[in-house]
Amino acid sequence: MNIAGHFKTITRHKLLVMEYCFECGLYAQGLAHDLSKYSPTEFIPGCIYYQGDHSPNEAERQAKGYTAAWLHHKGRNKHHLEYWIDYSPTGDHRMCGMEMPVNYVVEMFCDRIAACQIYQGEKYTDASPWEYYDRSRDHYLIHPNTAALLEKLLLMLRDEGEARILAYIRRELVGRGGASS
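The structure reproduced in this document is the subject of the present report. Predicted, not measured: the structure shown is a model, and the values here were computed from it.

1. Details of a nonpolar patch on the surface
There is a patch of nonpolar side chains on the surface, built from M1, I3, I44 and I48 and spanning about 420 Å² of accessible area. Tracing the chain through its elements places M1 in the segment before α1 (3-24).

2. Section: the nonpolar core
The biggest cluster of nonpolar side chains holds 37 residues, and the ones touching the most others in it are F109, C110, L153, I165 and I169. Those elements giving two or more residues to this core turn out to be α1, α6 (102-120), α7 (128-136), α8 (144-160) and α9 (162-174). Here this core gets 10 residues from one element, more than from any other, and that element is α6. Filtering out sequence-adjacent residues up to four positions away, L153 remains in contact with V105, F109, I165, Y168, I169 and L173.

3. Digging into empty space enclosed by the protein
In this structure the tally under the stated criterion is one cavity of 30 Å³ or more. Empty space within the largest cavity amounts to approximately 30 Å³. H6, T9, Y50, Q51, G52, H54, P56 and Y119 are the residues that line the largest cavity. Considered class by class, the residues forming the lining of the largest cavity number three nonpolar, five polar and no charged.

4. Here we look at the environment of H6
Looking at where H6 falls in the secondary structure, it is placed in helix α1. Between the C-alpha atom of H6 and that of S55, which follows or precedes it by 49 residues, the distance is 9.8 Å. When sequence neighbours within four positions are dropped, the list of residues in contact with H6 reads E42, F43, G46, C47, Y50 and P56.

5. Let's talk about α1
In this model, α1 (22 residues) spans 32 Å end to end at C-alpha, consistent with the 32 Å of a helix rising 1.5 Å per residue. For α1, the N-terminal cap is N2; the gap from its side-chain oxygen to the backbone nitrogen of G5 is 2.6 Å.

6. Some details on the pattern of salt bridges
Applying the stated criterion to the full structure yields eight salt bridges. Note that D92 and R94 form a salt bridge whose closest N and O atoms lie 3.0 Å from each other. On the accessibility criterion, D92 (41% relative accessible area) is partly exposed. Three or more residues are tied together by salt bridges with common partners; here these are D134, R137 and E151.

7. Some details on the packing of α7 against α8
A pair of packed helices can be characterised by two numbers: the angle between their axes and the separation between those axes. Running from amino to carboxyl end, α7 crosses α8 at an angle of 140°, the nearest separation of the two axes being 8 Å. In this structure, α7 uses P129, W130 and Y133 to contact α8, whose residues at the interface are A147, L150, E151, L154, L155, L157 and R158. In terms of residue class, the contact of α7 with α8 is made up of eight nonpolar, no polar and two charged.

The rules behind these values
- Residues numbered from 1 in each chain as written.
- Predicted model: local features only at pLDDT ≥ 70, side-chain atom pairs only at ≥ 80, totals over all residues.
- Heavy atoms only, no water.
- Patch = residues over 30% accessible without salt bridge, like charges linked within 9 Å, V, L, I, M, F, W, Y side chains within 5 Å.
- Areas by Shrake-Rupley, 256 points an atom, 1.4 Å probe, with all protein chains shown as cover.
- Salt bridge = Lys/Arg side-chain N within 4 Å of Asp/Glu carboxyl O.
- Helix = DSSP H or I, 4+ residues; strand = E, 2+ residues; numbered from the N terminus.
- Core = buried A, V, L, I, M, F, W, Y, C linked by side-chain atoms within 4.5 Å.
- Buried < 20%, exposed > 50% of the residue type's maximum accessible area, 1.4 Å probe, protein only.
- Contact = heavy atoms within 4.5 Å.
- 1 Å grid on protein atoms, 1.4 Å probe; cavity = no way out; pocket = protein on both sides within 12 Å on 5 of 7 lines; lining within 4 Å.
- Points joined across faces, edges and corners; volume = space filled by probe spheres on them.
- Nonpolar A, V, L, I, M, F, W, Y, C, P; charged D, E, K, R; others polar.
- Expected span 1.5 Å × (residues − 1).
- Polar contact = N/O pair within 3.5 Å; in protein donor to acceptor, adjacent residues only side chain to side chain.
- Axes fitted to C-alpha atoms, helices over the stretch in contact; angles between N-to-C directions.

Okay, structure coming up:
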């Protein structure tokens, strides 16, 4: 069990996401980001399964066959695409991704940058969040419009850099009423 390591990791992550959200103009979301990670349901397993270089959820999943902390987390944090999975409105009883509001897509974008920075350290580049997403996108249940916006932002980060994408988000997505905190 690594209480100090886990606390430092989630706090560094939370503060990074908060900074990015603030730069994008999402102040309330930045302040509230990932507060559930400090709840006993998420914090205790995080300490028990602490890895340091990747999420403790993977180790909990390996040990128990499921991740109670992740199930709790994704059900309370709207910046996770998994929060938005529901039965299709077409009535065919299949599960699919619902379209996410722009402000939560932006927070998810900020979250992915910060997670890559925390876990990759000096190996992080502006391409890292896209590469992480690209490795998993074939199995995501995500609404096509949400996927298109997230991919656009991740590719702009990769190709144009952090300063340009954050300015674009603030000006074009948040500043024009496309998102609100």
